[in-house]
Amino acid sequence: TQKDVLFEDEYLIVINKPSLFPTEETIVGGQKRDNLHQAVIRWIWKNNPSLRNPPYVGIMHRLDRETSGAILFTKQRCVNNDIHKMFEEHSVKKIYHAIAVTNKKNQIKDSFFIENYMGRISPKSSAAKWGFVPEKNGGLYSKTEFKILNKSNYKNMDLFYIEAQLKTGRTHQIRVHLSSAGLPLLGDELYGGIPENRIMLHSKCLEFVHPITKKELKINAPIPDFFNKYYNL
């Protein structure tokens, strides 16, 4: 819907992705699942009914199925190289908001960073799980900066509202890094979190220079109502 479009011009579109909706096509039980990429194509085509064929929409980065928030697609191939380069060189500033739970009393600093080498640690036959893998074994460098925005108590555990800034973009990076710090995300059972309806991770903001206009863009995705169950934002 229109409210889910955070930014759009003739070259780019930024969408506020809902949780529990895959970014791109996946097959489950032999059936293709609907996905955000196809939904964006339908949206653009609906608004441009004169088009005889489905419009082009390029996937430049991804969000996990349960992660909500800002995600960028291209509408013309001519900007793909520039956008891809921005993500490769980490010149796109990516800010996430997360809710984590811990029983580590008074051991969490107000700001900290984690850097290490990451790779897949689960067999191909099981659920995909990432963790620390030495560089010599194929691990890729990863770094995330964290800031504690708020704290409260939840079921006799400390609840933390966290801002995370990705310095690299590895699969499950924020989830792995927070879990290693004793701060697994609420809902992220794969990495030690307690059950919830979704993993509490939201892509809050994308900042980058538009490849054509050269204007600096700062695009914010509203915090989901579900987060307000834990914090009065």
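Since we're looking at a predicted model, the values are computed, not measured. (Residues numbered from 1 in each chain as written. Predicted model: local features only at pLDDT ≥ 70, side-chain atom pairs only at ≥ 80, totals over all residues. Heavy atoms only, no water.)

Draft legend 1. Highlighting the pattern of salt bridges. Under the defined criterion, the tally for this structure stands at 10 salt bridges. A salt bridge links Arg-42 to Asp-34, with the shortest nitrogen-to-oxygen separation between them at 3.0 Å. The residue Lys-93 makes a salt bridge to Glu-207 at a minimum N-O spacing of 4.0 Å. Here Glu-207 lies in strand S12 (residues 201–209) and Lys-93 lies in strand S7 (residues 93–102), a separation of 114 residues in the sequence. A relative accessible area of 33% means that Lys-93 is categorised as partly exposed. Salt bridges here are not isolated pairs; linked through shared partners, they connect Asp-64, Arg-175 and Asp-188. (Salt bridge = Lys/Arg side-chain N within 4 Å of Asp/Glu carboxyl O. Helix = DSSP H or I, 4+ residues; strand = E, 2+ residues; numbered from the N terminus. Buried < 20%, exposed > 50% of the residue type's maximum accessible area, 1.4 Å probe, protein only.)

Draft legend 2. Fine view of helix H3 (residues 173–180). Across the eight residues of H3, six count as buried, placing the element largely inside the fold. Residues of H3 that are buried make contact with S7, strand S8 (111–120), strand S9 (130–132), strand S10 (140–154), strand S11 (157–166) and S12. Where H3 ends, the next residue or the one after it, Gly-182, has phi of about 80°, a positive value. (Contact = heavy atoms within 4.5 Å.)

Draft legend 3. Examining unusual backbone geometry more closely. Positive phi, close to 60°, is recorded for His-90, a residue that is not glycine. As for its position among the elements, His-90 is in the loop between helix H2 (80–88) and S7. Positive phi values are uncommon outside glycine, yet Lys-214 reaches one of about 65°. Examined against the element boundaries, Lys-214 turns out to sit in the loop between S12 and strand S13 (216–220).

Draft legend 4. Looking closely at the pairing of S10. Two elements, S8 and S10, share eight bridges in a ladder whose sense is antiparallel. If you follow Phe-112 over to S10, its bridge partner there is Phe-146. Pairing of S10 with S11, which is carried by 10 bridges, proceeds in the antiparallel orientation. Each residue of the ladder has a partner; that of Glu-145, found in S11, is Gln-165. Here S10 hands over to S11 after two residues, with Lys-155 in that stretch at a positive phi of 50°. (Pairing = 2+ DSSP bridges.)

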